[in-house]
Amino acid sequence: MSLTAARVLQPVGTAGKLFAFALDVGRGLFRRPFQTREFLQQAWFIASVTIVPTALVAIPFGAVIALQVGGLIKQFGAQSFTGSASVLAVIQQAGPIATALLIAGAGGSAIAADLGARKIREELDAMMVLGIDPIQRLVVPRVLACMLVAVFLNGMVSVVGVGGGYVFNVILQDGTPGAYLASFTALAQLPDVWIGMIKALVFGLIAAIVAAYKGMNAAGGPKGVGDAVNESVVITFLLLFVVNFTLSTIYLQVVPPKTG
């Protein structure tokens, strides 16, 4: 009975440890000296492994949204709103989610693998013996780098997605270029851009913290590192969809949709 109870409560304990780890990372943000070189190196590395896949993913995202939304709106005879509806879907939902998936899948897995390898080589323990905080030295720069890169990638996904939607709408659905561009301001508004950026920032934070937590708690040799990488990606994906739903709900309550 006790073993069963322990298994049931294990996810709760993991969630508590992850939250405590996030608080430690938050405290590490204000400790000095700030690891500027590590931050720049990690930002460049994360951007280099995610920018091409993100751009390639953004094109079909925008195309599928444009085709689906365009076909649906055409049935209601409101083709003039195709552009604004597609832009809203890309900026508010598709852009941040695509960015988060790539950040977690490419950047987060690399962070978990790096920190996990350091853990099994006992480098983290050696740093603690020398009086160096691994969270302040290694985790904080990676978290900030993920957040920065996520914001820039979200902007790129939004631009590429909207451009891809425009091309597919005009070519495949016989849309009017002028009407597509003119409808941007019909339903879209500036807070829609801000919520997309905020989502990308939060998603990058979650992906980096989960990856760092799993990497620093890896055990069992190389197999443990591989398990930590897989677990970090899966947990991040689950958290992203929950947080995305929460942020979208709060945004729609605070900022009412613009009426045409």
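Rules used throughout
Residues numbered from 1 in each chain as written. Predicted model: local features only at pLDDT ≥ 70, side-chain atom pairs only at ≥ 80, totals over all residues. Heavy atoms only, no water. Salt bridge = Lys/Arg side-chain N within 4 Å of Asp/Glu carboxyl O. Helix = DSSP H or I, 4+ residues; strand = E, 2+ residues; numbered from the N terminus. Buried < 20%, exposed > 50% of the residue type's maximum accessible area, 1.4 Å probe, protein only. Axes fitted to C-alpha atoms, helices over the stretch in contact; angles between N-to-C directions. Left-handed = near helix turned anticlockwise from the far one by under 90°. Contact = heavy atoms within 4.5 Å. UniProt positions renumbered as here; feature names shortened; annotations may be inferred. Parallel < 35°, antiparallel > 145°, perpendicular 65-115°, else oblique. Nonpolar A, V, L, I, M, F, W, Y, C, P; charged D, E, K, R; others polar.

- You'll find the protein entered in an unreviewed UniProt entry as ABC transporter permease, with Nocardioides aromaticivorans given as the organism.

1. What to know about the pattern of salt bridges
And then number 1: Under the defined criterion, the tally for this structure stands at 10 salt bridges.
And then number 2: A salt bridge links Glu38 to Arg137; its shortest N-O distance comes to 3.5 Å. Here the residue Glu38 occupies a position in helix α2 (residues 36-75), and Arg137 occupies one in helix α5 (residues 134-172), the gap between them amounting to 99 residues.
And then number 3: Note on Glu38: relative accessible area 11%, which makes it buried.
And then number 4: The shortest N-O distance in the salt bridge between Glu38 and Arg142 comes to 2.9 Å. Taken together, the residues Glu38 in helix α2 and Arg142 in helix α5 connect sequence positions 104 residues apart. Here the two residues Glu38 and Arg142 agree in accessibility, since each one is buried.
And then number 5: Three or more residues joined by partner-sharing salt bridges are found here, namely Glu38, Asp114, Arg118, Arg121, Glu123, Arg137 and Arg142.

2. A word on the packing of α5 against helix α8 (residues 190-216)
Angle between the axes and distance between the axes are the two parameters that describe a pair of packed helices.
And then number 1: Relative to each other, α5 and α8 sit at 145 degrees, their axes nearing to 8 Å. The two elements α5 and α8 cross, and the hand of that crossing is right-handed. Counting all contacts with α5, which are made through Pro134, Ile135, Val139, Arg142, Val143, Cys146, Met147, Ala150, Val151, Asn154 and Gly155, the residues of α8 involved are Gly196, Met197, Ala200, Leu201, Gly204, Leu205, Ala208, Ile209, Ala212 and Met216.

3. So, the UniProt feature "transmembrane region" (unreviewed entry) in the protein
And then number 1: Those places that UniProt annotates as "transmembrane region" (unreviewed entry) correspond, in this numbering, to residues 43-67, 143-168, 193-213 and 233-254.
And then number 2: Here residues 43-67 runs as 100% helix and 0% strand, with 35 Å between its end C-alpha atoms.
And then number 3: Structurally, residues 193-213 comprises 100% helix and 0% strand, and the distance from its first C-alpha atom to its last is 30 Å.

4. Examining the environment of Thr236
And then number 1: Position of Thr236 relative to the elements: it lies in helix α9 (residues 222-254).
And then number 2: Residues Thr236 and Gly105, spaced 131 residues apart in sequence, show a C-alpha to C-alpha distance of 9.0 Å.
And then number 3: Residues within four places of Thr236 in sequence aside, it is in contact with Ala104, Ala207 and Val210.

5. Here's the deal with unusual backbone geometry
And then number 1: Phi angles above zero are rare outside glycine, and Glu122 is one such case at about 65 degrees.
And then number 2: Tracing the backbone through its elements, the reader meets Glu122 in the loop between α3 (82-120) and α4 (123-129).
And then number 3: Residue classification places Glu122 among the exposed residues on the basis of a relative accessible area of 54%.

6. Focus on the packing of α8 against α9
And then number 1: Relative to each other, α8 and α9 sit at 155 degrees, their axes nearing to 9 Å. The orientation of α8 relative to α9 falls into the category roughly antiparallel. Where α8 crosses over α9, the handedness of that crossing is right-handed. Counting all contacts with α8, which are made through Pro191, Asp192, Ile195, Lys199, Val202, Phe203, Ile206, Ala207, Val210, Ala211 and Lys214, the residues of α9 involved are Ala228, Glu231, Ser232, Ile235, Thr236, Leu239, Leu240, Val243, Asn244, Leu247, Ser248 and Tyr251.
And then number 2: In the contact of α8 with α9, the residues fall into 15 nonpolar, 4 polar and 4 charged.

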